[in-house]
Amino acid sequence: MNVLGIETSCDETAAAVVVDGRDVRASCIFSQVALHGPYGGVVPEIASRSHVTTLPRMIEQAVAESGVGWGGIDAVAATFGPGLASSLLVGVSGARGIAQRLNKPLIAINHIEAHIYSVFLDGDAPQAVDMMPFLALVVSGGHTMIVRVTGLGQYEVLGRTVDDAAGEAFDKGANMMNLGYPGGPIIDKLARDGDAQAIHFPRGGRLKPSPMLGGMDPALCFSFSGLKTALLYHLRDTPLSGDAQALATLAASYQEAIVEALAGRCRTALAGYDVKALAVVGGVSMNGRLRERLADVAREAGVTLLLSKPRYCADNAAMIAGLAGAGEGIRGGADLAMDINPNMRL
Ligand code: KG4
Ligand code: ZN
């Protein structure tokens with residue numbers, strides 16, 4: 001099954017062709033980062049306009065590179081949610097038009113589910129069936145959650161953030177340190193030369209049971225707002241001096257707090273559930289220190305650590321087409337009438 005996948009949920013415009021759910025024949029991504037950089041975050045209006053002008057080119061390129069050709073496309077898959085409404089609409093409208101023109105099914109994909117599936121892309125990746133059940137840490141600019149996966153399409157959200165996502169914590173912290181956008185990769189790089197233990201920042205909050213958690217275990221939930229406030233106070237008391245070593249130490253200490261919050265929750269989750277693997281997905285899973293710490297956590301728990309290849313960590317369409325090719329997603333008669341869902345749940 002040759003699936004054309006389309007992803008426009010946030011600020012990446014992506015198209016890909018994947019054969020039988022794993023064989024990525026083409027994966028084209030246009031990152032809008034330079035357009036949003038001056039604003040310090042994604043501007044929805046700019047994002048959707050850029051999707052409109054860039055998506056046709058990404059699709060043409062993916063189909064041409066794949067060697068499959070328009071005649072070989074068996075289905076079209078697109079992200080229907082969660083994400084920015086005006087951005088999702090562009091990808092779904094494009095996918096709907098192509099599906100109609102080719103007279104092939106349109107498959108609606110959940111973006112978070114696709115991120116989790118990204119660890120199974122490419123022929124050399126493990127097979128999904130061999131890894132069940134596993135825990136997935138989803139860490140991106142918009143999401144932070146721990147999910148128990150018992151099969152494709154079978155998910156239980158064990159914990160999530162009650163405020164900022166881990167990627168947001170990186171981006172907002174970097175903004176306060178005047179480092180630029182997106183902050184995650186910048187902090188990651190700077191932190192390599194700094195002392196991560198020098199300054200103590202709060203590690204993801206200590207949550208109490210509350211209706212807001214909807215029955216989730218507080219020990220597996222996150223709060224990053226206190227960390228941001230702690231950085232604000234730190235910068236008030238110790239303003240940036242222009243000293244490169246001091247900045248590296250601040251970045252390393254701040255990063256350590258986020259990484260320890262994530263690693264600590266994963267350790268707790270692994271102690272409570274009998275699973276084969278820990279998967280880490282989303283843009284923040286590129287973080288070097290996080291990968292290092294989670295390798296320790298997985299080793300201690302005796303489970304396999306599943307990481308996506310760097311090209312599948314951030315938003316991409318290979319994970320969309322791959323998941324659809326693996327038999328997941330919503331398909332069927334009502335496909336052409338289905339609307340986007342910006343708040344789609346896993
Ligand atoms: O998955 P993604 O591309 O988009 C969303 O779906 O949100 O994730 C983007 C996030 C940004 O917040 C960015 O700062 C973060 O991933 N990020 C990183 C690193 N690379 C990207 N965070 C920490 N360390 C990195 N190396
Ligand atoms: Zn994403």
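First things first, this report covers the structure right here in the doc. (Residues numbered from 1 in each chain as written. Chains lettered and ligands numbered in written order. Predicted model: local features only at pLDDT ≥ 70, side-chain atom pairs only at ≥ 80, totals over all residues. Heavy atoms only, no water.)

### Considerations on the site of ligand 1
Around ligand 1, the surrounding shell holds 19 residues, and the nearest of these are Gly141, Asp171, Asp188, Gly283 and Asn287. Take Gly167: an N or O atom from its main chain is 3.2 Å from an oxygen atom of ligand 1. Between ligand 1 and the protein, one listed contact pairs an oxygen atom with a backbone N or O atom of Gly184 at 3.1 Å. Protein chains bury 88% of the 560 Å² of accessible surface belonging to ligand 1 in isolation. Breaking the shell around ligand 1 down by element, the ones donating at least two residues are helix H4 (111–117), helix H6 (166–176) and helix H7 (183–191). Its residues assigned to classes, the shell around ligand 1 shows six nonpolar, 10 polar and three charged. When residues of the shell around ligand 1 are assigned to domains, at least three fall in each of domain 1 (2–117 + 313–337) and domain 2 (127–308). (Near = heavy atom within 4 Å. Polar contact = N/O pair within 3.5 Å; in protein donor to acceptor, adjacent residues only side chain to side chain. Areas by Shrake-Rupley, 256 points an atom, 1.4 Å probe, with all protein chains shown as cover. Helix = DSSP H or I, 4+ residues; strand = E, 2+ residues; numbered from the N terminus. Nonpolar A, V, L, I, M, F, W, Y, C, P; charged D, E, K, R; others polar. Domains from an automatic or database assignment.)

### Focus: the environment of Met131
Structurally, the position occupied by Met131 is in helix H5 (residues 128–131). Apart from the residues lying within four places of it in its own chain, the contact partners of Met131 are Phe120, Pro126, Lys276, Ala277 and Leu306. (Contact = heavy atoms within 4.5 Å.)

### Some details on the packing of H7 against helix H9 (residues 244–272)
Where H7 meets H9, the closest approach of the two axes is 8 Å, and the angle between their N-to-C directions is 115°. By crossing handedness, the relation of H7 to H9 is classed as left-handed. Judged by residue contacts, Ile187, Asp188, Leu190 and Ala191 of H7 engage Leu247, Ala248, Ala251, Ala252, Tyr254 and Gln255 from H9. For the contact of H7 with H9, the per-class residue count stands at eight nonpolar, one polar and one charged. (Axes fitted to C-alpha atoms, helices over the stretch in contact; angles between N-to-C directions. Left-handed = near helix turned anticlockwise from the far one by under 90°.)

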